[in-house]
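Residues per chain are reported as follows:
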Amino acid sequence: MKIVAGAVLMAACALAASAAEWQDEIDAAAAKGGGRVTIPAGRHVTGGLMLKSNVELHLEKGAVLEGSPTTNDYPVVELPCSEGKWMAVVMAVGATNVAITGEGEIYGNGTAFPQPESYGRLQEGWRPRGLFFGNCRGVTLKGFKLRDAGCWGCVVQCCEDVEIRGLTIDNHSNANNDGIDIEAFNAVIADCDIDASDDGVCLKSNNPEFRSGNILVTNVTARSHCAALKIGTASHGIVTNVLFVDCRLEAPRRSFPDRRKSAKKKPAGASWFWSEWRAGIFPPSKPGDDLSASAISIECVDGGWVEDITCRNITIDGTLAPLFVRGGTRQKRATGAPPGKWHILRNVLFENIRGRSLSWYGNSVTGVEGCRVENVTLRNVHLT
């Protein structure tokens, strides 16, 4: 027992030293006005790292930056109008001109954190994200792979001037493993391959005082158990002028096994997402675990303002509802944001959309009293 305890202590000390080493380099570069911090090839286990202004974190080919399996190794950030507390393998708050580049990998070690028993008890704040950027200006993410975070993959909240290009995201290790969640003004997401257990690319709006818009999502392959491309569900503020173009939306390539106590009631080999409801909707020849709930979801359900959304040149394969547009009045969620005052969802264009649904479900354009949907156009849409 003494030997084991000693080994654990040595491992913990090594982890602390590794995290402190990289953070010291980031702090030193920032103190000089900025610079590049390079992670060399090899496996590097670390607690949460905080990027500073004008600092680029560069992952060399063969480098794996692996998140610690212990939540105490991550700094915790709580921002106004936010969906809970935030911790991540790499994060930046209130910074200017920050970047992560290279051909290496960020591995979130997501299986180390307990799976929540249900979506009603997600405990998102205590499962680290892969990346988090809050209240930043000038965020650049290029080229690297992001894999298996404890929660969402890449989160951008209330940021301006964002470029996300050439990322490979494979996030299937725990509940609500989104690919990219973004609340930003002036943003480009391009040339990415995303495979997520929850939403693929999700545009959120939690802060009624922040306008999210001028967003281009192009040449993205998105695979998801939920919505491949999405606006919402959080929709407290303004989202305008969004273009989804030249994208491929498909069923996810993998899932993750259900390790919860309640999994004993499920069929052998079923994933966390399996349910009798889903099994009843999807054809028997295709397990529901392997399909996405929707290809494109445009939602305004929290009193926000969603307007001028274009979805063009998109192919769809393996989904429950190919096109889903929903106005609603879900009322205030526990995000710190006050109830919305607009309830506007209008000017949505679907153009040059082709593909197939692998379920008996259909498309849906739906509003309710208090949030009617206005001006939805379908042009050259062919869905089987």
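An account of the accompanying structure is given in this report. Please read these numbers as outputs of a predicted model, since none were measured by experiment. (Residues numbered from 1 in each chain as written. Predicted model: local features only at pLDDT ≥ 70, side-chain atom pairs only at ≥ 80, totals over all residues. Heavy atoms only, no water.)

### Quick word on empty space enclosed by the protein
And then number 1: Tallied over the full model, the rule gives one cavity of 30 Å³ or more.
And then number 2: What the largest cavity holds in volume is close to 60 Å³.
And then number 3: Lining the largest cavity are E83, W86, W152, V155, V156, Q157, D181, I182, E183, K204 and N206.
And then number 4: Every element with two or more residues in the lining of the largest cavity is listed here: strand 12 (154-165) and strand 14 (180-190).
And then number 5: Split into classes, the residues belonging to the lining of the largest cavity amount to five nonpolar, two polar and four charged. (1 Å grid on protein atoms, 1.4 Å probe; cavity = no way out; pocket = protein on both sides within 12 Å on 5 of 7 lines; lining within 4 Å. Points joined across faces, edges and corners; volume = space filled by probe spheres on them. Helix = DSSP H or I, 4+ residues; strand = E, 2+ residues; numbered from the N terminus. Nonpolar A, V, L, I, M, F, W, Y, C, P; charged D, E, K, R; others polar.)

### Quick notes on the nonpolar core
And then number 1: Ranked by size, the top nonpolar core spans 73 residues in total, and within it I100, F133, F244 and I298 carry the most contacts.
And then number 2: Other than its neighbours up to four places away in sequence, I298 contacts I231, F244, V306, I309, C311, F324, V325, R326, L345, V348 and F350.
And then number 3: One finds L79, A88, C151 and W152 within the second-largest nonpolar core, a separate group that totals ten residues. (Core = buried A, V, L, I, M, F, W, Y, C linked by side-chain atoms within 4.5 Å. Buried < 20%, exposed > 50% of the residue type's maximum accessible area, 1.4 Å probe, protein only. Contact = heavy atoms within 4.5 Å.)

### Notes on the layout of surface pockets
And then number 1: Considered as a void within the structure, the largest pocket measures approximately 800 Å³ in volume.
And then number 2: As for the largest pocket, its lining consists of 38 residues, of which Y119, D198, C226, K230 and T233 are closest to the centre.
And then number 3: Mapped onto the lining of the largest pocket, the elements with two or more residues apiece are strand 16 (201-205), strand 19 (227-235), helix 2 (276-281), strand 21 (292-300) and strand 23 (319-327).
And then number 4: In terms of residues, the lining of the largest pocket owes the most to one element, strand 19, which gives five residues.

### Thoughts on the packing of aromatic side chains
And then number 1: Enumeration over the complete set of coordinates arrives at three aromatic pairs.
And then number 2: Look at W86 and F132: their rings are 4.6 Å apart centre to centre, the planes differ by 15 degrees, and that puts the pair in the stacked class. In this pair, W86 is assigned in the loop between strand 5 (63-67) and strand 6 (88-93) and F132 in strand 9 (residues 129-134), connecting sequence segments 46 residues apart. Of the two residues, W86 and F132, both sit in the buried class.
And then number 3: Through successive ring pairs, a cluster of aromatic residues spans W86, F132 and W152.
And then number 4: Just above the ring of W152 sits the side chain of R129; from NZ or CZ to the centre is 4.7 Å.
And then number 5: Residue placement shows R147 over the ring face of Y107; its charged tip is 4.2 Å from the ring centre. (Phe/Tyr/Trp six-rings, centres within 6.5 Å; stacked < 30°, edge-to-face > 60°. Lys NZ or Arg CZ within 6 Å of the ring centre and 35° of its normal.)

### Some thoughts on the pairing of strand 20 (residues 238-250)
And then number 1: For strand 17 (residues 211-218) and strand 20, the ladder comprises seven bridges, and the chain directions are parallel. Looking at the pairing, V217 lines up with F244 of strand 20.
And then number 2: As paired strands, strand 18 (residues 221-224) and strand 20 are joined by three bridges and run parallel to one another. Looking across to strand 20, one finds that R223 is bridged to E250.
And then number 3: As defined by bridge partners, strand 20 adjoins strand 22 (residues 305-317) across eleven bridges and the pair is classed as parallel. Each bridged residue has a counterpart across the sheet, and for E250 the counterpart in strand 22 is D317. (Pairing = 2+ DSSP bridges.)

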